[in-house]
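Examining the three-dimensional arrangement
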Amino acid sequence: AQSVTQLDSQVPVFEEAPVELRCNYSSSVSVYLFWYVQYPNQGLQLLLKYLSGSTLVKGINGFEAEFNKSQTSFHLRKPSVHISDTAEYFCAVSEKAAGGTSYGKLTFGQGTILTVHP
Amino acid sequence: ETGVTQSPTHLIKTRGQQVTLRCSSQSGHNTVSWYQQALGQGPQFIFQYYREEENGRGNFPPRFSGLQFPNYSSELNVNALELDDSALYLCASSLAGPYTSGNTIYFGEGSWLTVV
């Protein structure tokens with residue numbers, strides 16, 4: 001079984017400032033890692049994902065995340081935020097099944113509300 | 001635009017009633033999952049269908065059931081509705097199978113269910 005902890009429920013930040021949203025996970029098996037964004041009254045949109053290889057992953061809208069296996073973390077960063085980045089962000093994991101098959105059952109964290117102020 | 005459409009977008013039901021939510025998956029996707037997202041919470045996995053068979057279930061009671069059809073559309077049925085069933089229900093589709101590890105999962109915009 002897996003679990004995901006997002007360490008901050010709310011993160012306020014001023015426009016053009018950098019931001020980091022923290023995510024830690026726990027799993028007894030290898031996992032894939034994801035960050036999703038949810039704008040008000042909408043579904044989830046994939047920002048980025050880590051499958052293997054380079055631990056620094058770049059996504060859409062200028063976001064990036066770094067996988068740290070020893071600390072079981074996958075923190076999301078953006079060097080300069082915009083008002084339009086105001087949304088709720090979810091970190092998620094899915095199990096790497098044996099034989100290379102993946103069915104994509106996601107375990108989500110509780111979410112972090114990012115509010116960007118002018 | 002994810003290619004995953006859900007209906008209805010909003011509905012209100014009375015405690016004890018039954019509800020059916022529908023999802024049309026992205027073309028070619030053979031896997032559909034349903035998630036419940038209560039207000040202020042992250043989505044919780046309800047169950048998944050792969051090629052019309054249930055392929056895993058989260059911690060939800062049997063009154064939550066589903067179907068996946070040959071055209072990869074699907075339904076989520078909830079019987080004997082309770083007040084705590086009020087939530088956003090999200091459908092997600094993907095292409096699964098051998099050597100498809102980490103394929104992108106696409107979410108619909110959800111169905112808001114209010115139980116009164």
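For the structure itself, look to the data block above.
To start, this report covers the structure provided alongside it. (Residues numbered from 1 in each chain as written. Chains lettered and ligands numbered in written order. Predicted model: local features only at pLDDT ≥ 70, side-chain atom pairs only at ≥ 80, totals over all residues. Heavy atoms only, no water.)

**A closer look at the packing of aromatic side chains**
Under the defined criterion, the tally for this structure stands at 13 aromatic pairs over all chains. Centroid distance Phe 108 of chain A to Tyr 35 of chain B: 5.7 Å. Interplanar angle 90°. Geometry classified as edge-to-face. Here Phe 108 of chain A is found in strand E11 (residues 107-108), whereas its partner Tyr 35 of chain B is found in strand E4 (residues 31-37) on a different chain. Accessibility assignment for this pair places Phe 108 of chain A and Tyr 35 of chain B in one class, buried. Judged by centre distance (5.7 Å) and plane angle (65°), the ring pair of Tyr 35 of chain B and Phe 45 of chain B falls under edge-to-face. (Phe/Tyr/Trp six-rings, centres within 6.5 Å; stacked < 30°, edge-to-face > 60°. Helix = DSSP H or I, 4+ residues; strand = E, 2+ residues; numbered from the N terminus. Buried < 20%, exposed > 50% of the residue type's maximum accessible area, 1.4 Å probe, protein only.)

**A few points about the state of the cysteines**
All names here are of chain A. If you walk through the whole model with that rule in mind, you get two disulfides over all chains. Between Cys 23 and Cys 91 runs a disulfide, and the two sulfur atoms are separated by 2.0 Å. The sign of the -65° torsion about the S-S bond sets the Cys 23-Cys 91 disulfide as left-handed. Note that Cys 23 is positioned in strand E4 (residues 23-27) and Cys 91 in strand E10 (residues 87-95), a separation of 68 residues in sequence. (Disulfide = S-S within 2.5 Å.)

**Regarding the nonpolar core**
The nonpolar side chains of a soluble globular protein tend to be buried, and buried together. Core analysis: the biggest nonpolar cluster contains 27 residues, and Leu 33, Trp 35, Leu 47, Leu 48, Phe 74, Leu 76 and Tyr 89 of chain A have the highest contact counts within it. Leave out the neighbours within four places in its chain, and Leu 47 of chain A touches Trp 35, Tyr 36, Val 37, Gly 59, Ile 60, Asn 61, Phe 63, Leu 76 and Tyr 89 of chain A. Within the second largest apolar cluster, 20 residues are counted, among which are Leu 21, Trp 34, Phe 47 and Tyr 89 of chain B. (Core = buried A, V, L, I, M, F, W, Y, C linked by side-chain atoms within 4.5 Å. Contact = heavy atoms within 4.5 Å.)

**A closer look at the environment of Ser 80 of chain A**
Residue and element names in this part refer to chain A. Looking at where Ser 80 falls in the secondary structure, it is placed in the loop between strand E9 (73-78) and E10. Separated by 64 residues in sequence, Ser 80 and Glu 16 place their C-alpha atoms 4.3 Å apart. If sequence neighbours within four positions are ignored, Ser 80 has contacts with Glu 16, Ala 17 and Pro 18. Here the side chain of Ser 80 touches Glu 16 through a polar contact of 3.4 Å, landing on its backbone oxygen. (Polar contact = N/O pair within 3.5 Å; in protein donor to acceptor, adjacent residues only side chain to side chain.)

**Describing the environment of Gln 17 of chain B**
All names here are of chain B. Tracing the sequence through the fold places Gln 17 in the loop between strand E2 (10-13) and strand E3 (19-24). For Gln 17, a relative accessible area of 36% gives the class partly exposed. With residues near it in sequence (within four places) discarded, Gln 17 still touches Val 78, Asn 79, Ala 80 and Leu 81.

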